[in-house]
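# A closer look at the structure
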Amino acid sequence: DAGITQSPRYKITETGRQVTLMCHQTWSHSYMFWYRQDLGHGLRLIYYSAAADITDKGEVPDGYVVSRSKTENFPLTLESATRSQTSVYFCASSRDTGGETQYFGPGTRLLVL
Amino acid sequence: RKEVEQDPGPFNVPEGATVAFNCTYSNSASQSFFWYRQDCRKEPKLLMSVYSSGNEDGRFTAQLNRASQYISLLIRDSKLSDSATYLCVVNINFNKFYFGSGTKLNVKP
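Below is a short write-up of the structure.

Procedures and definitions
Just so you know, the residues in each chain are numbered from 1, in the order the chain's sequence is written. Both sets of labels track the order of writing: A upward for chains, 1 upward for ligands. Given that the model is predicted, a residue must reach a pLDDT of at least 70 before its local features are reported, and side-chain atom pairs must reach 80 or more before they are shown or counted; all residues, however, enter totals for whole chains, interfaces and linings. Note: side-chain values were computed over all heavy atoms of the structure, leaving out hydrogens and water. The pairing criterion for strands is at least two bridges between them, as found by DSSP. In DSSP terms, a helix is any run of H or I states spanning at least four residues, a strand is any run of E spanning at least two, and both are numbered starting from the N terminus. All axes here are fitted lines through C-alpha atoms, helices being fitted over the stretch that makes contact, and every angle between N-to-C directions spans 0 to 180 degrees. Buriedness for pockets is judged along seven lines, at least five of which must meet protein on both sides within 12 Å for an open set on the 1 Å grid over protein atoms alone, while cavities are sets there where a 1.4 Å probe fits but cannot get out, and lining residues have an atom within 4 Å of a point. Grid points are joined across faces, edges and corners, and a volume is the space filled by probe spheres set on the points. Any residue that is not Ala, Val, Leu, Ile, Met, Phe, Trp, Tyr, Cys, Pro, Asp, Glu, Lys or Arg is counted as polar, Gly included; the first ten are nonpolar and the last four charged.

### Examining the sheet that holds strand β8 (residues 76–78) of chain A
All names here are of chain A. Within the open sheet, the four strands sit side by side as β1-β3-β8-β7. Their pairing is antiparallel. This sheet does not close on itself; its edge strands, each paired only once, are β1 (4–7) and β7 (64–66). If you compare each strand with its neighbour and ignore which way they point, the axes differ by 20° on average. Two elements, β1 and strand β3 (residues 19–25), share four bridges in a ladder whose sense is antiparallel. Across the sheet, T5 pairs through a bridge with H24, a residue of β3.

Okay, structure coming up:
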């Protein structure tokens, strides 16, 4: 049971480049989430999706784009990477929301030079 | 103002000690509450949900005080394996989750 996976696990890119982080879950969970984790801020929600083709902004969506054409995939794209987007990115899924447990992927460590 | 505030610690305690963490939240419309555990350079994992009546899971006890808008986590008989960062999480409007910055616990032999 693969659960929830993220790729790549590590990425170095340059300012201005487009970067896509992938997230894949095998549980057919309805909800998926993208967070970034920075020192002093904890995890902050970037975008979430309630189902295929339904996405909405979280706390810090600027500079990011998401899509969800299939239930199992939820890619996050940085259209033009900036140094301030250097962070650890976690994808999560949950069967439902509210009181449901979120299951996190292993994270992607992104460095923007 | 952050939605969820936690003391960053670190809390350094000996094995067998009892340790308590508190977390405060700012939005009175918050609907559900959780404690997650995060090991160094790993993903967060659910430790326990927090219910209004308080709940216990082995050595761990969680309490919720809606009037004062704080959540607590008590760990009894600390083990070396309890060393981690503990994240307080608050859910608002079902779809949005807010994480505290975490409280670091070091349990020493």
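More follows now that the structure is in view.
### Regarding the sheet that holds strand β8 (residues 70–75) of chain B
Sheet strands line up and pair through hydrogen bonds in the backbone, either parallel or antiparallel. Residue and element names in this part refer to chain B. One open sheet holds the five strands; their spatial order is β1-β3-β8-β7-β6, and the pairing between them is antiparallel. Looking at which strands have only one partner, the edges of the open sheet turn out to be β1 (4–6) and β6 (55–57). Pairs of neighbouring strands in the sheet enclose a mean axial angle of 20°, with direction left out of account. Here β6 pairs with strand β7 (residues 60–65) via three bridges, running antiparallel. Counterpart to N55 in the pairing with β7 is A62.

### What to know about the layout of surface pockets
Here the largest pocket defines a volume of roughly 570 Å³. Surrounding the largest pocket, 23 residues form its lining, Q37 and L39 of chain A together with Q38, R41 and T85 of chain B being those nearest its centre. If you list the elements that add at least two residues to the lining of the largest pocket, you get β4 (31–38) and β9 (87–94) of chain A together with β9 (84–92) and β11 (103–108) of chain B. Taken as a whole, the second largest pocket encloses approximately 180 Å³ of empty space. Lining the second largest pocket are H41, L43, R44 and E59 of chain A together with R1, K2, E3, V4, Y98, F99, G100 and S101 of chain B. Where the lining of the second largest pocket is concerned, the elements lending two or more residues are β5 (42–51) of chain A together with β10 (96–99) of chain B. By residue class, the composition of the lining of the second largest pocket is four nonpolar, three polar and five charged.

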